[in-house]
Amino acid sequence: ETEAEKDRAATNMSTFVDIPFDKPVKGPDQKVAKSAFYLTGSSSRITQNGKFVGLKKIQVTGKSIIEHNTTMRGDLAKIKIGYYVVIGEGTTLKPAEKFGDELSFIEMTIGDYTVIGRHCVIRAWQIGCCCWIGEGSVINNKCVVEDCGMVLENTVLAPATVVPPYTVFAGNPGRCIGRLPPTFDMIMNEHTHMFYQAFKVDESEKSSLARKPSDKDAHAKSPDPRARSIKYSGHGTAAHGSMSTASQRRPGPPSASASANAPKSSSSASPQASNALGKYTPGPTNPAPK
């Protein structure tokens, strides 16, 4: 390295790197469809549109968010994810390789309050707590990102790279470009909590969760044409479309059609009896109410 590059590196290490989310501002709630995510018993939200191989070896502790098109290779080795971890869309988690007499893989651990951006490739042994991995980064085989480490966007870490605590790496290959403030762990804690609270599941969606009716249900609900059940209206007559018999008909006031076909009553009958609709008709013996 030249003297200018050494001086620049010394200057960067003497000052703290600006953190874009140092002063988080609460944005709008991100409402997602309930049918698009699994809601675990530990309150984690895991996409249904992902590729998870070897589910028995993938452990998500709780209150973490795994977004769409994520790939996890639990069939190679165990993957452990802590509390309040965010795995961005399109990210791949593949345990690191261990070379020896035969090829094997090492367990991958991601600590609490860690954010991994979108479209990253993670093959690290370990990513500590309160870490930030920028979008489009590649963490190669056997890399270790210790607690409170930051990897900026589109960074490529060479195999077996170690990111010390409170340092920032960037470039291809990734190198240390600065330091983080001692309060970075508190910043990541608050940032992941706010992201989890803003990532809400839309509970109003019910159509996609409802069970589709089967042919058996439709057959059970359809009426049997041979049945002789009767449904009565308010006046005791059979409802439209149902079957009825004279012996089964309940007593009640006459309907309009029955009154129309009935013989006309004599003049001594009351006006109310001759009225098919049952309305009150004033007459000489029944004066109109005042």
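Caption draft 1: Summary view of the nonpolar core. Membership of the largest hydrophobic core comes to 26 residues, with the highest contact counts inside it found for Ile 81, Leu 93, Ile 116, Ile 122, Ile 127 and Ile 133. Those elements giving two or more residues to this core turn out to be strand 5 (58–62), strand 8 (79–83) and strand 13 (108–110). Other than its neighbours up to four places away in sequence, Ile 133 contacts Val 115, Ile 116, Gly 117, Cys 120, Ile 122, Ile 127, Ile 139, Val 145 and Val 151. In terms of nonpolar packing, the next biggest core, distinct from the first, is built from 12 residues, Ile 19, Val 168, Leu 180 and Ile 187 among them.

Caption draft 2: Structural detail: the pattern of salt bridges. Per the stated rule, a full pass over the model turns up 3 salt bridges. Among the salt bridges present, the one from Arg 123 reaches Glu 97, with a minimum N-O distance of 3.1 Å. Within this pair, whereas Arg 123 is found in the loop between strand 15 (121–122) and strand 16 (126–127), its partner Glu 97 is found in strand 11 (residues 97–98), the two being separated by 26 residues in sequence. Of the two residues examined, Arg 123 and Glu 97, each falls in the buried class. Here Arg 118 ties to Glu 135 by a salt bridge, and the two come within 3.3 Å at their closest N and O atoms. Here Arg 118, found in the loop between strand 14 (115–116) and strand 15, pairs with Glu 135, found in the loop between strand 17 (132–133) and strand 18 (138–139); they are 17 residues apart in sequence, far enough to count as distant.

Caption draft 3: The sheet that holds strand 13, seen in detail. Across the sheet, which stays open at both edges, the 6 strands sit in the order 5-8-13-16-19-22 with parallel pairing between neighbours. A strand with exactly one partner marks an edge of an open sheet, and here the two such strands are strand 5 and strand 22 (162–163). Bridge analysis of strand 13 against strand 16 gives 2 bridges, and the strand direction is parallel. Bridge pairing in strand 16 places Ile 110 opposite Ile 127.

Caption draft 4: Fine view of the environment of Val 60. Here Val 60 is to be found in strand 5. As for Val 60 and Ile 81, which are separated by 21 residues in sequence, their C-alpha atoms are 4.8 Å apart. Dropping the residues within four chain positions of it, Val 60 is found in contact with Ser 42, Ser 44, Ile 46, Ile 66 and Ile 81.

Caption draft 5: Layout of unusual backbone geometry. The peptide bond linking Asn 172 to Pro 173 adopts the cis configuration, its omega dihedral lying at 0 degrees. With respect to the helices, strands and loops of the structure, Pro 173 is situated in the loop between strand 23 (167–170) and strand 24 (175–179). Even without a glycine there, the phi angle at Lys 63 is positive, about 55 degrees. By the secondary structure assignment, Lys 63 is in the loop between strand 5 and strand 6 (65–66).

Thresholds applied
- Residues numbered from 1 in each chain as written.
- Predicted model: local features only at pLDDT ≥ 70, side-chain atom pairs only at ≥ 80, totals over all residues.
- Heavy atoms only, no water.
- Core = buried A, V, L, I, M, F, W, Y, C linked by side-chain atoms within 4.5 Å.
- Buried < 20%, exposed > 50% of the residue type's maximum accessible area, 1.4 Å probe, protein only.
- Helix = DSSP H or I, 4+ residues; strand = E, 2+ residues; numbered from the N terminus.
- Contact = heavy atoms within 4.5 Å.
- Salt bridge = Lys/Arg side-chain N within 4 Å of Asp/Glu carboxyl O.
- Pairing = 2+ DSSP bridges.

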